[in-house]
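# Coordinate analysis (summary)
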Amino acid sequence: MPMPSNQAQEFLFQHIREMLPPSASLTDTVSEILHVSNDSAYRRIRNETPLVLEEAKELCEHFHLSLDQVLNIKKNSILFENIRINNQFYSYEEYLSDLMKLTQYVNSFNQKEIIYLTKDVPLFHNFYFKPLIAFRYFFWMKTILQHPDFATKSIDLNDVPPEIETMSREIAKTYQQIPSTEIWNTECVNSLISQVEFYKDSGLFSSAADIKIVYQSVEETILHLKAQVENGCKFLPGENPQIKKSIFNFYYNRVILGDNTILVTTDNIKTAYLNYDVLNYMVTRDENFCDQCREDLNNLMRRATVISQTSEKQRNIFFGILLAKIQDRQKNL
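These remarks concern the structure in this document.

Rules behind the numbers
Counting from 1, residues in each chain are numbered in the order their sequence is written. Under the rules for a predicted model, residues below a pLDDT of 70 receive no local features and side-chain atom pairs below 80 are neither given nor counted, while totals for whole chains, interfaces and linings still include all residues. As a convention, hydrogens and water are excluded, and side-chain values are obtained from all of the structure's heavy atoms. Put simply, DSSP H or I for four residues or longer makes a helix, DSSP E for two residues or longer makes a strand, and each gets a number counted from the N terminus. As a reference, a globule follows 2.2 Å times the number of residues to the power 0.38, and the radius of gyration itself is taken over C-alpha atoms. The buried label applies to any residue whose accessible area, calculated with a 1.4 Å probe on protein chains only, is under 20% of its type's maximum; exposed applies above 50%, and partly exposed to all values in between. Every residue pair with non-hydrogen atoms within 4.5 Å of one another is taken to be in contact. Strands pair, by our definition, only if DSSP identifies at least two bridges between them. A pair of cysteine sulfur atoms is labelled a disulfide when the two atoms are within 2.5 Å.

Along its length, the chain carries twelve helices and eight strands. Rg of the C-alpha trace for the chain: 22 Å, near the compact-globule value of 20 Å for 333 residues, within the 12% margin. Counting only residues that meet the buried cut, the chain has 48% of its 333 residues in that class. Expressed as a percentage of contacts within the chain between residues at least 6 apart in sequence, the contacts between residues at least 24 apart total 73%.

As structure tokens, this is what we get:
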């Protein structure tokens, strides 16, 4: 069964072409996915040979596109791909592996940008120091995934599988290379502090010393974030910011509490990620939705205060509030 129109076929290949890394060949990619010769793939791309419905389905599944959108069946509907962690079918390790591949994919483009409106400490900033990597791993496995192996475990800051730590650090390293804009408010550390306090009150730390180590790691993370904001670029602890080129814009948002929305642009193709239930997220490349998302984020940034490189007073106020919250908890240990 052929696709209903040449226009839909052109639209599909246009989107695929825009999504591919600059070094990739569209003809080679289509040939590999559809298991046809390069000549046959080229004729389909040129609209000389109609795609059959099964071929369109294979291409859409491979590139996480909606066949409904390609066929323009419902103009007012927005279709999302749902990425949800389930300890029976999709593990935390798989989640990190997919996130690592995604950041590497975004970084492969010549033109790339991430805009991150957050209500929590963004995931990428949790992976600078091992104690925080360990706490996040334990919290997500025990409380969010409710993994049976962690049902009776107390937190052990040294018990992090090497592959989890390696992937966590690789995600942070790759994120540092992507030009980004982050929009924070002073509530962003609250959920992390609440999680540490919950584990403290539940007796899941083996000692007060371990609680202090985690809080010190959180404090070091915020101080390192502040250093990146001051320099207007992203870099890992111990690196020289003077040799870094990735632009880092940072906004102090006092207007709304916000949510966790990530808008990624790669060579003019926009992808929106909507985070929910801590680790789960939905993804869409719907053009109208992403354009409206960009407009809303731009409006919010116009009402926020940019504190990267400029506005030293406002920057010190913002980070002073975050650090005071952490230091207050440390005093009570």
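Having seen it, we continue.
On to the pairing of strand β5 (residues 261–266), then. Consecutive side chains of a regular strand alternate in pointing toward one face of the sheet and then the other. The buried count for β5 comes to six of six residues, which makes it a mostly enclosed element. Here β5 shows no split at all, with Thr-261, Leu-263 and Thr-265 on one side and Ile-262, Val-264 and Thr-266 on the other all buried. Note that strand β2 (residues 112–117) and β5 share six bridges and pair antiparallel. Directly across from Lys-112, in β5, lies its bridge partner Thr-266. In this sheet, strand β6 (residues 269–276) lies alongside β5 in antiparallel orientation, the contact comprising six bridges. What sits directly across from Ile-262, in β6, is Tyr-273. Connecting β5 to the next strand, β6, in antiparallel fashion are two residues, including Asp-267 with a positive phi near 45°.

Before going further, it helps to examine the state of the cysteines. Here the structure, examined in full by the defined rule, presents zero disulfides. Looking at the unpaired Cys-60, the closest cysteine sulfur is the one in Cys-290, lying at 16 Å. What makes Cys-60 buried here is its relative accessible area of 3%.

The values are spatial; any link to function lies outside them.
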